[in-house]
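# Structural features, examined
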Amino acid sequence: MANVSIISDIVGGWSESDIRLANMSESINMFCETQGSGAANTSILRSISGNEVYVKVSDKKCRGLYEASRGHDGFPVLFGVFGNELWIIHDKENFTCLYTGLTNISTPVSMCETGGEGSAHPHLIVVDGASVVAVDTTLSDQEMLEDIRTIALPYRVTQEDPEHPSQRIVPTHCAYCYNYLIVNDSGTDAFYITYQYPFEREGQYGAPIDYDIFMIDPWREVEMGYKDYGFVTYSEWSPDLTSALVSNGTLLYTFGPRSSQIFTYNSDVDAPFVSPSNSANMIGIKAPYSLAKVGDYVFYLGSSAIGENGIYYWQGNQLTRCSTPDVERYIQNMKYPQDAVGQVWQENGHLFYAITFITDDYTLVYDITENIWHRRSSKDKLTNAHHYWRPQFGLLHDGKIMFGTDDGYVIAMNNNKFDEYDGRPMIRMRRSGALMNNYQDFIVDGLRLICNVGDFDDANLVPQIMMRYTNNGGYWSQQEIGLLGRQGEYGTEVEWFNLGINNIMTIEISCSDPVKFGLIGGRINYSLIDS
């Protein structure tokens with residue numbers, strides 16, 4: 001007599017072990033979502049949304065996107081860096097290149113925005129790893145072209161020695177906190193602060209704006225006591241470089257290769273940011289551009305003796321490790337995880353942190369809402385190979401979640417589209433965990449998947465699902481096709497029969513048709529083998 005078993009882990013995330021028989025569980029372009037009372041299962045796997053072209057900006061690689069709170073019309077406006085170019089993007093038809101002098105075109109940029117009080121003016125700040133570029137966001141495009149400029153950078157604090165003059169700082173990250181613009185010096189353990197409310201006018205209306213925001217002009221030393229470097233602060237709790245920094249609007253976080261530290265504002269104009277004695281730890285940052293924040297959350301890839309290859313997030317002053325041993329082991333085996341790029345966004349109640357390893361061609365995504373990992377990928381243009389997920393630098397703008405791409409596009413997520421912006425199919429794949437019967441052989445008479453069937457918009461499409469399986473973690477069966485039914489065929493059953501003798505069975509299913517593929521559950525019919 002056949003037995004029936006519910007496949008309890010057909011819905012799950014990425015937890016692939018380096019020991020194949022232990023666990024081969026993987027989800028690509030699908031994420032878990034907990035269901036409410038009365039649902040067919042406590043959790044389902046949903047397809048990620050596709051994306052569509054918002055605007056083709058350039059032929060160069062996107063290095064960052066930022067929404068400034070105030071444009072010339074008083075409404076939020078989108079900026080993007082592509083290669084050496086800074087663009088302002090008003091809408092699909094209206095965008096302008098403002099600047100072509102950015103450097104280090106292979107790495108991301110850091111951007112923030114200054115506020116304004118009285119005579120101050122909000123400016124977009126772009127830090128490219130060598131320079132700080134500023135432009136007044138309230139100007140017209142033509143006025144911006146005339147206004148945009150690089151800001152004179154402070155010198156590193158050293159003893160005066162004519163034979164060994166001091167070097168200017170090398171900023172890679174910026175933040176704006178309590179009306180101070182802050183940049184790191186990636187070559188030392190210092191960060192530098194402007195005067196409060198930078199970009200003020202030097203007098204009454206019509207007077208020129210003061211662009212010496214880091215206070216390095218010689219007259220300041222005579223009249224105000226500053227010595228060509230303005231305010232400088234050190235991450236003094238550990239002898240470490242300041243590789244990156246970020247602010248959540250309340251706290252300032254600094255990161256080095258071996259440590260991280262929190263600074264708070266204390267209203268002292270001579271030392272506006274201080275670090276309490278209990279606000280440092282010995283978990284540093286391995287990939288400076290893995291740093292990403294949204295709201296009160298700050299994510300990054302960790303390093304140092306106790307944090308190597310872990311992925312962490314700060315929420316306020318609470319540090320949490322969200323990576324699993326399998327995730328960390330996978331990162332440990334990578335060729336160059338130091339070039340990882342992070343992004344974080346909220347989508348339909350989920351908070352996603354995606355970390356893309358450029359050299360190793362891999363993207364992992366943590367869903368803080370579900371506390372589960374999954375993988376995202378983009379299909380190769382010519383083959384079915386998986387590459388890292390192409391959308392980068394996700395943010396919310398004009399009610400849409402937008403991303404930049406390597407080929408110069410700004411794209412928008414579309415919840416009703418299930419392929420990529422250039423028509424490339426989006427492969428959704430789920431590989432189950434191990435199915436077994438006390439490590440005894442059993443015959444699989446049938447496999448049934450509970451999917452959303454017939455729930456598609458295209459009446460001419462008959463979407464397919466592919467299935468294969470392995471009973472040893474190494475050799476896979478041939479792929480077999482299942483049908484998800486035509487539009488309105490809600491009674492379609494997705495089944496396969498006579499799957500042979502298995503001991504430790506793993507099932508893999510995939511769908512590349514542009515439909516809302518969802519996986520709710522599954523079961524197998526099996527027979528025991530007499531001993």
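For the structure given in this document, a descriptive report is provided here. This one's a predicted model, so the numbers in the text were calculated from it and none came from an experiment.

What counts, and at which threshold
Residues numbered from 1 in each chain as written. Predicted model: local features only at pLDDT ≥ 70, side-chain atom pairs only at ≥ 80, totals over all residues. Heavy atoms only, no water. Helix = DSSP H or I, 4+ residues; strand = E, 2+ residues; numbered from the N terminus. Buried < 20%, exposed > 50% of the residue type's maximum accessible area, 1.4 Å probe, protein only. Polar contact = N/O pair within 3.5 Å; in protein donor to acceptor, adjacent residues only side chain to side chain. 1 Å grid on protein atoms, 1.4 Å probe; cavity = no way out; pocket = protein on both sides within 12 Å on 5 of 7 lines; lining within 4 Å. Points joined across faces, edges and corners; volume = space filled by probe spheres on them. Nonpolar A, V, L, I, M, F, W, Y, C, P; charged D, E, K, R; others polar. Patch = residues over 30% accessible without salt bridge, like charges linked within 9 Å, V, L, I, M, F, W, Y side chains within 5 Å. Areas by Shrake-Rupley, 256 points an atom, 1.4 Å probe, with all protein chains shown as cover. Salt bridge = Lys/Arg side-chain N within 4 Å of Asp/Glu carboxyl O. Core = buried A, V, L, I, M, F, W, Y, C linked by side-chain atoms within 4.5 Å. Contact = heavy atoms within 4.5 Å. Pairing = 2+ DSSP bridges. Axes fitted to C-alpha atoms, helices over the stretch in contact; angles between N-to-C directions.

### As for the side chain of His350
Mapped onto the elements of the fold, His350 is located in strand β29 (residues 350-357). Overall, the relative accessible area of 3% leaves His350 in the buried class. Reaching out from His350, the side chain makes a polar contact with the side chain of Asp367 at a distance of 2.7 Å.

### Considering the layout of surface pockets
Looking at the largest pocket, its volume works out to about 1000 Å³. The dominant element in the lining of the largest pocket, judged by the number of residues it contributes, is strand β28 (residues 341-347), at 6 residues. For the lining of the largest pocket, the per-class residue count stands at 22 nonpolar, 11 polar and 3 charged. What the second largest pocket holds in volume is close to 370 Å³. Lining the second largest pocket are 17 residues, with Asn384, His386, Ile427, Gln479 and Ser510 positioned closest to its centre. Take the lining of the second largest pocket: its biggest share by element is 3 residues, from strand β43 (residues 504-511). Tallied by class, residues from the lining of the second largest pocket come to 6 nonpolar, 5 polar and 6 charged.

### A word on unusual backbone geometry
The residue Asp361 is not glycine, and still its phi comes out positive at about 60°. Here Asp361 shows up in the loop between β29 and β30 (362-367). Note on Asp361: relative accessible area 23%, which makes it partly exposed. The phi dihedral of Asn371 is positive, around 60°, even though this residue is not glycine. Within the secondary structure, Asn371 is located in the loop between β30 and β31 (372-379).

### Quick look at a nonpolar patch on the surface
Among the surface-exposed residues, Ile443, Ile501 and Ile529 lie close enough to one another that they form a single nonpolar patch of about 230 Å² accessible area. The topology assignment puts Ile443 in strand β38 (residues 442-451).

### Side note on the nonpolar core
In this structure, Ile125, Ile151, Ile182, Val183, Phe199 and Phe214 are the most contacted members of the largest nonpolar core, which totals 34 residues. Broken down by secondary-structure element, the contributors of at least two residues to this core are β11 (123-127), β12 (132-136), β14 (174-177), β15 (180-184) and β16 (190-193). Contact partners of Val183, with chain neighbours within four places excluded, come to Val127, Val132, Ile169, Pro171, His173, Cys174, Phe191, Tyr192, Phe214 and Leu245. Counting 30 residues, the second-largest nonpolar core is a separate cluster that includes Phe442, Met467, Leu519 and Ile524.

### A short note on empty space enclosed by the protein
Counting across every chain of the model gives 1 cavity of 30 Å³ or more. There is about 40 Å³ of room inside the largest cavity. Ser235, Asp240, Leu241, Thr242, Thr254, Phe255, Gly256, Ser259, Ser260 and Gln261 are the residues that line the largest cavity. Secondary structure elements with two or more residues in the lining of the largest cavity: β19 (252-255) and β20 (260-265). In terms of residue class, the lining of the largest cavity is made up of 2 nonpolar, 7 polar and 1 charged.

### Section: the pairing of strand β27 (residues 318-321)
Bridge count between strand β26 (residues 311-315) and β27: 4 bridges; the pairing is antiparallel. Bridge pairing in β27 places Gln315 opposite Gln318.

### What about the sheet that holds β16?
With antiparallel pairing, the 4 strands of this open sheet are ordered in space as β14-β15-β16-β17. Where the open sheet ends on each side, the last strands, each with one partner, are β14 and β17 (231-234). Recorded for the sheet is a direction-independent mean angle of 25° between the axes of neighbouring strands. The pairing of β15 with β16 spans 3 bridges and is classified as antiparallel. Bridge pairing in β16 places Ile182 opposite Ile193.

Bear in mind that shape data such as this cannot, by itself, settle questions of function.
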